[in-house]
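So the chains spell out like this:
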Protein chains: 4
Amino acid sequence: MKTVIVTGFGPYLEEAQNPSGAIAQAIHGTEKDGVRIHGLVLPVSAGAVRALLEEEVRRLRPDVLIVTGVTRGRVAVAAERVAVNVMDFPIPDVDGRAFIDEAVIDDGPAAYFSTLPIKAILQAWRDRDIPAYVSNTAGTYLCNQTFYLACHLASSLPMRAGLVHIPLSSAHAAASPTPIPSLALETMYEAVLTAALISANHEGADLKLQAGMTC
Amino acid sequence: MKTVIVTGFGPYLEEAQNPSGAIAQAIHGTEKDGVRIHGLVLPVSAGAVRALLEEEVRRLRPDVLIVTGVTRGRVAVAAERVAVNVMDFPIPDVDGRAFIDEAVIDDGPAAYFSTLPIKAILQAWRDRDIPAYVSNTAGTYLCNQTFYLACHLASSLPMRAGLVHIPLSSAHAAASPTPIPSLALETMYEAVLTAALISANHEGADLKLQAGMTC
Amino acid sequence: MKTVIVTGFGPYLEEAQNPSGAIAQAIHGTEKDGVRIHGLVLPVSAGAVRALLEEEVRRLRPDVLIVTGVTRGRVAVAAERVAVNVMDFPIPDVDGRAFIDEAVIDDGPAAYFSTLPIKAILQAWRDRDIPAYVSNTAGTYLCNQTFYLACHLASSLPMRAGLVHIPLSSAHAAASPTPIPSLALETMYEAVLTAALISANHEGADLKLQAGMTC
Amino acid sequence: MKTVIVTGFGPYLEEAQNPSGAIAQAIHGTEKDGVRIHGLVLPVSAGAVRALLEEEVRRLRPDVLIVTGVTRGRVAVAAERVAVNVMDFPIPDVDGRAFIDEAVIDDGPAAYFSTLPIKAILQAWRDRDIPAYVSNTAGTYLCNQTFYLACHLASSLPMRAGLVHIPLSSAHAAASPTPIPSLALETMYEAVLTAALISANHEGADLKLQAGMTC
């Protein structure tokens, strides 16, 4: 039995029920295809995420660590390609802290590539009719920070790490005064579950798959 | 028991299974809240839609006629406000016919307003967590043509008429090489059903509801 | 010598110098190709625009009346096709008044088509390398209201009337904290001038020109 | 006198006159604020750019190397933050070669940060009313490849290196059948010139400037 940790984020701004956190809670305890999934809800707190991630990894020694988060305005699920060593926050976190051009980890490399098989995941998403793509930027906010921390941990462990970005859920988008893209929570749950299973069970090199025009 | 006709469109271009047609088929025969719904799939044929609409209205004498269609690229469901007396096709229909700046009905008025209670529908959509808005253009293609024909029929009958525009379904969007907005087919089905029930049962003037910034 | 009135709007919200008003001022007094252009800056006041338009038309008896206004978020200049008899304001005007689903003119028709030669204007814009299209919605705010009033006046006079919508100017867009589309003020000035000259001098029916996919 | 090399790209696909190449040609020979600028037009050839860049840097020993390129669909000028060690081409280059998930430089680091003072450049652009932002992805095509190569060269030389991305020019956008964002070539020329001068003359650490929400 392989072990996958899936993190999501807790409440933030107007989003009392963050869909990434809701998925992490709902997926917790799932066992499928020889994989056991542990869900973990992280606070949107730049100061707290590192210790929480490290503790959970130490405790569970997972094969895969998948961070998830919401990107308002995107239209599809994304496997992120690269985590960047920068924190440049457009708005403060839940502790009221913002950062401008600071490193996630001092003396860390400029970036880490996701070690999830992102093209194999993309293919699996397409096979399941899930709108998806490979994204080349995870931004410079907490999603990227947590993604970078996960990759940093993974660089010295037998563990894969990566970030799956999801759009707003349709229920959240319905509350927006102007139309904004979304997907059904069910679709995004299936996307995260699929990424977890493929990441745990894909063997060998990633697929060679044309990613499409996304930039 | 009130009667509502819901039309959708059949296959077109790459869309072998048009979601508006799929919804019209699935909703056919539904009875709820004192309303019986008849679904009708129209061909994407500018020359055929008028006779088919007129025949079905003559046969069923409905209280409400709701046309539905897909608008690729939109992010939410829309109650259209106004049908315009123009056909200006970006691409040919299934018969290979295109039109540039021709009238839907010669000597018809420049436009008809939807006689569905579009703001009451918008409120009901929001209450059900469906991403939605009021749109001020139905384009100049077959959706608008059919919408205009429906309103023209309704202008001399005790019948409400309007157009509900839906985005791509997530399953269709998943096949796009570049990310494109979508909603779950289930969400759009519920949106069309809700519009049908509200249109049949709403009494008196439409709600006075701020529509939001959509242009 | 033919006479064209070009209106633009005055300051509004953060836009102390509205580009449509700036163009109306700059173009005032221009004489070219047998056309004399009068610029007029209108306040963003739903209660004031009708009397101001009527007075200027009575005074100058123009051959053409072109209303211009800004649509934040658009990427190109647009010749609007249709003015709708509705006022549904997303935000109040300079007098603090908002309207929900009220008529511009009670008992007026649902819509007027622009009587500018919009396809000939589109062709002339393309010939001059100006990014442009034919738009099928002028929204439901003051631009549409003024456009409808202009068409209503034109319906009983030997005068053409229409609306040219412009994006933000690049200078205004530069002040936005998030990237937003724009064009150079010079490009938009040339677009308005071109529309004025073509509208005054184009004879016979409008061109039959494919408008492209814009909805 | 400081020396800055500004590269742009040559013809590609429908773009017989690539605006980045046009700017590189036009800016060649400019001397201003103690800076001499050399323009260089690179072919859109993955196999050719490395040797051409290296040769020009060896010949001129510049203080700054700025790569420029076009990103179709963007709305503003961007200072790119990070170059990634990956080539994942959506379409082949002029030699007909495409790449899927290959390294720009084998054994190179995952990414390099731009060593241009990107926030100081952003501030200077805003001061000059140029719509602009800091972008966190340069894509995975030739722009990113050349940017990565420039940063790789700069890592062992007393030279700053970075990428300025520009949108389509308005003249190019005017030829698009559907509306697409653009800026005036003059605006983009001024943006590149400003980036060159600031990069050569800015001393000390970069500004601490909020970048805005761009992801």
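Everything numeric in this text was worked out from a predicted model, so none of it was measured.

Conventions we followed
- Residues numbered from 1 in each chain as written.
- Chains lettered and ligands numbered in written order.
- Predicted model: local features only at pLDDT ≥ 70, side-chain atom pairs only at ≥ 80, totals over all residues.
- Heavy atoms only, no water.
- Buried < 20%, exposed > 50% of the residue type's maximum accessible area, 1.4 Å probe, protein only.
- Helix = DSSP H or I, 4+ residues; strand = E, 2+ residues; numbered from the N terminus.
- Pairing = 2+ DSSP bridges.
- Contact = heavy atoms within 4.5 Å.
- Least-squares fit on C-alpha atoms with pLDDT ≥ 70 in both.
- Buried area = accessible area lost by both parts, 1.4 Å probe.
- Salt bridge = Lys/Arg side-chain N within 4 Å of Asp/Glu carboxyl O.
- Polar contact = N/O pair within 3.5 Å; in protein donor to acceptor, adjacent residues only side chain to side chain.
- Phe/Tyr/Trp six-rings, centres within 6.5 Å; stacked < 30°, edge-to-face > 60°.

> An account of the pairing of strand E5 (residues 77-80) of chain B is needed here, citing residue identities and associated values.
Successive residues of a regular strand alternate their side chains across the two faces of the sheet. Residues and elements named next belong to chain B. Neither face of E5 is left uncovered, since the one carrying Val77 and Ala79 and the one carrying Ala78 and Glu80 both have all their residues buried. In terms of strand pairing, E5 meets strand E8 (residues 132-135) through 4 bridges, oriented parallel. Paired with Ala78 across the strands is Tyr133, a residue of E8. Pairing of E5 with strand E9 (residues 160-166) involves 2 bridges; the strand directions are antiparallel. Pairing of Ala78 across the sheet is with His165, part of E9.

> Hey, could you go over unusual backbone geometry for me, with residue numbers and the actual values?
Positive phi outside glycine occurs at A:Asp129, with the angle close to 60°. Counting through the fold element by element, A:Asp129 comes out in the loop between helix H3 (118-127) and strand E8 (132-135). Judged by relative accessible area, A:Asp129 falls into the partly exposed class, the value being 41%. Backbone geometry at B:Asp107 places phi at a positive 70°, although glycine is not the residue there. Of note, B:Asp107 is situated in the loop between strand E6 (82-84) and strand E7 (111-113). For B:Asp107, a relative accessible area of 85% gives the class exposed.

> Tell me about the arrangement of the chains, residues and numbers included.
Chain A shows no contact with chain C. Their nearest C-alpha atoms sit 10 Å apart. The least C-alpha distance between chain B and chain D, which are not in contact, is 10 Å.

> Talk me through the relation of the copies chain C and chain B; I want residue IDs and the actual numbers.
Mapping chain C onto chain B calls for a rotation angle of 180° and an axial translation of 0.0 Å; the resulting RMSD is 0.0 Å. These values place the two chain copies in the arrangement generated by a two-fold rotation axis. A shared binding surface is used by both copies, with 100% of the interface residues of chain C retained as interface residues in chain B.

> Any details on the relation of the copies chain A and chain D? Residues and values, ideally.
Overlaying chain A on chain D yields an RMSD of 0.0 Å, the required transformation being a rotation through 180° with an accompanying axial translation of 0.0 Å. Looking at the interface residues of chain A, 100% of them are also at the interface in chain D, so both copies use one shared face.

> Residues and numbers for the interface of chain C and chain B, please.
Contacts between the two partners involve 30 residues from chain C, matched on the other side by 30 residues from chain B. With both chains or domains summed, chain C and chain B bury close to 2,400 Å², and 61% of this area falls on carbon and sulfur atoms. Counting the contacts that link chain C with chain B gives 8 salt bridges. The shortest N-O distance in the salt bridge between C:Arg81 and B:Asp88 comes to 2.6 Å. If you look at where chain C meets chain B, you find 13 residue pairs in polar contact (both at pLDDT 80 or more). Contributing elements (two or more residues each) for the side of chain C that touches chain B: strand E6 (82-84) and strand E7 (111-113) of chain C.

> Hey, could you go over the packing of aromatic side chains for me, with residue numbers and the actual values?
All told, the structure shown has 16 aromatic pairs over all chains when counted by the stated rule. A centroid spacing of 4.6 Å and a plane angle of 70° characterise the contact between D:Phe89 and D:Tyr141, whose relative ring orientation is edge-to-face. Residue D:Phe89 is found in the loop between strand E6 (82-84) and strand E7 (111-113), and its partner D:Tyr141 is found in the loop between strand E8 (132-135) and helix H4 (142-154); the two are separated by 52 residues along the sequence. A single burial state applies to D:Phe89 and to D:Tyr141, both of which are buried. Pairwise contacts between aromatic rings join A:Tyr12, A:Phe89, A:Phe99 and A:Tyr141 into one cluster.

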